[in-house]
Amino acid sequence: MDIAAQPTFRAATADDVPALVALIESAYRGDDSRTGWTTEADILEGQRTDPAGVLAVIEKPGSQLVAVESAGELVACCQLEHRGEHAYFGMFAVRPTLQGAGLGKLIIAEAERFARDEWGVSEMHMTVISVREDLIAWYVRRGYARTGETSPFPYGNERFGLPTRDDLEFELLTKRLG
């Protein structure tokens with residue numbers, strides 16, 4: 001695969017669900033995820049998402065699951081959801097073997113541009129598991145601010161994974177879009 005090929009962005013469709021689930025799982029869970037640096041395998045086992053969850057994001061009004069392709073291959077994805085004055089950024093996954101090559105920076109910049117220019121929002125929000133200091137630091141370098149505002153991890157709901165520790169929660173990060 002040619003990682004130098006300019007990525008293309010498009011709205012995912014129901015036909016993309018199997019490939020998207022495989023991509024998201026590979027970026028966050030299991031041994032394959034350890035190839036990249038976004039793995040959650042040390043803090044969560046089980047699934048990261050499922051076909052129903054991915055399809056729900058695709059079909060939800062005001063929501064878009066963006067499929068990112070390079071040289072004709074699915075290499076990444078992200079969720080964008082219009083929530084009034086801000087947009088929510090989530091379900092961000094880059095193929096583990098391509099992590100660290102700058103693709104993530106391009107994707108988040110395009111997501112911010114889309115939210116600002118197409119939806120007219122002034123701020124992007126996201127939640128990150130608070131113990132993921134390396135990932136939070138990456139977002140801070142991209143201009144996101146830690147708010148200190150947290151929400152509980154859905155313990156007991158296997159749809160979101162099986163925690164291996166009892167201190168997980170989500171922290172809200174925000175960024176003003178110029």
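Our structure's up above, just so we're on the same page.
First, a word on what this report is: a plain description of the structure on this page. All figures in this text were calculated on a predicted structure; none of them were measured in a lab.

About the thresholds
Here the residue index of a chain counts from 1 through its sequence in written order. Restriction of local features to residues with pLDDT of at least 70 applies here, the model being predicted, together with a cutoff of 80 or more for giving and counting side-chain atom pairs; totals for whole chains, interfaces and linings are based on all residues. With hydrogens and water excluded, all non-hydrogen atoms of the structure serve as input to the side-chain values. Numbering of helices and strands runs from the N terminus, with a helix taken as a DSSP run of H or I at least four residues long and a strand as a DSSP run of E at least two residues long. Throughout, exposure labels follow a simple rule: accessible area from a 1.4 Å probe, protein chains only, divided by the maximum for the residue type, with under 20% read as buried, over 50% as exposed, and the rest as partly exposed. Residue types Ala, Val, Leu, Ile, Met, Phe, Trp, Tyr and Cys, when buried and joined through side-chain atoms within 4.5 Å, form a set referred to as a nonpolar core. Two residues qualify as a contact provided that any one of their heavy atoms is within 4.5 Å of a heavy atom in the partner residue. For the purposes of these results, a polar contact is taken to be a pair of N or O atoms within 3.5 Å, where, inside protein, one atom must be able to donate a hydrogen and its partner to accept one; residues adjacent in sequence count only when each atom of the pair is a side-chain atom. Side-chain rings of Phe, Tyr and Trp (the six-membered ring for Trp) are treated as a pair once their centres are within 6.5 Å; stacked means planes under 30 degrees apart, edge-to-face means over 60, and tilted covers the remaining angles. Two limits define a charge over a ring: the Lys NZ or Arg CZ must be within 6 Å of the ring centre, and within 35 degrees of the ring normal.

Turning our attention to the environment of Val140. Relative to the assigned elements, Val140 resides in helix α5 (residues 133-141). For Val140, a relative accessible area of 39% puts it in the partly exposed group. For the pair Val140 and Lys175, spaced 35 residues apart in the sequence, the C-alpha separation amounts to 9.1 Å.

Val54, Phe89, Phe92, Met124 and Tyr139 are the most contacted members of the largest nonpolar core, which has 45 residues in total. Mapped by element, the contributors of at least two residues to this core are α1 (17-28), α3 (51-59), β3 (63-70), β4 (73-83), β5 (86-94), α4 (103-119), β6 (123-129) and α5. The element that contributes the greatest number of residues to this core is α1, accounting for seven residues. Not counting residues within four places of it along the chain, the set of residues in contact with Phe89 comprises Cys78, Gln79, Leu80, Ile108, Ala111, Met124, His125, Met126 and Tyr139. With five residues, the next largest nonpolar core counts Ile43, Leu44, Phe153 and Leu168 among its residues.

The residue Arg29 is located in the loop between α1 and α2 (30-33) in this model. Within the local environment of Arg29, its side chain forms a polar contact with the backbone oxygen of Gln47, the two atoms lying 2.3 Å apart. The residues touching Arg29, leaving out its near neighbours within four places in the chain, are Glu40, Leu44, Glu45, Gly46, Gln47, Arg48, Phe160 and Gly161.

Of note in the backbone geometry, Ala71 takes a positive phi value of approximately 50 degrees without being a glycine. Secondary-structure assignment places Ala71 in the loop between β3 and β4.

Attention now goes to the packing of aromatic side chains. In this description, an aromatic ring pair is defined by two values, namely the gap between the centres and the angle between the planes. A complete count under the given rule lists seven aromatic pairs for this structure. Each ring, one from Phe114 and one from Trp119, has its centre 5.2 Å from the other, and the planes form 80 degrees; the classification is edge-to-face. For Phe114, a relative accessible area of 17% gives the class buried. When the centroid spacing of 5.1 Å and the interplanar angle of 80 degrees are considered together, the rings of Trp138 and Tyr139 count as edge-to-face. Looking at Trp138, the relative accessible area reads 10%, which means it is buried. The exposure class assigned to Tyr139 is buried, which follows from its relative accessible area of 5%. Through a chain of ring-to-ring contacts, the aromatic side chains of Phe89, Phe92, Trp138, Tyr139 and Tyr144 assemble into a single cluster. In this arrangement the basic side chain of Arg48 is found over the ring face of Tyr28, its NZ or CZ atom lying 4.3 Å from the centre. The side chain of Arg83 reaches across the aromatic face of Tyr88, ending 4.2 Å from its centre.

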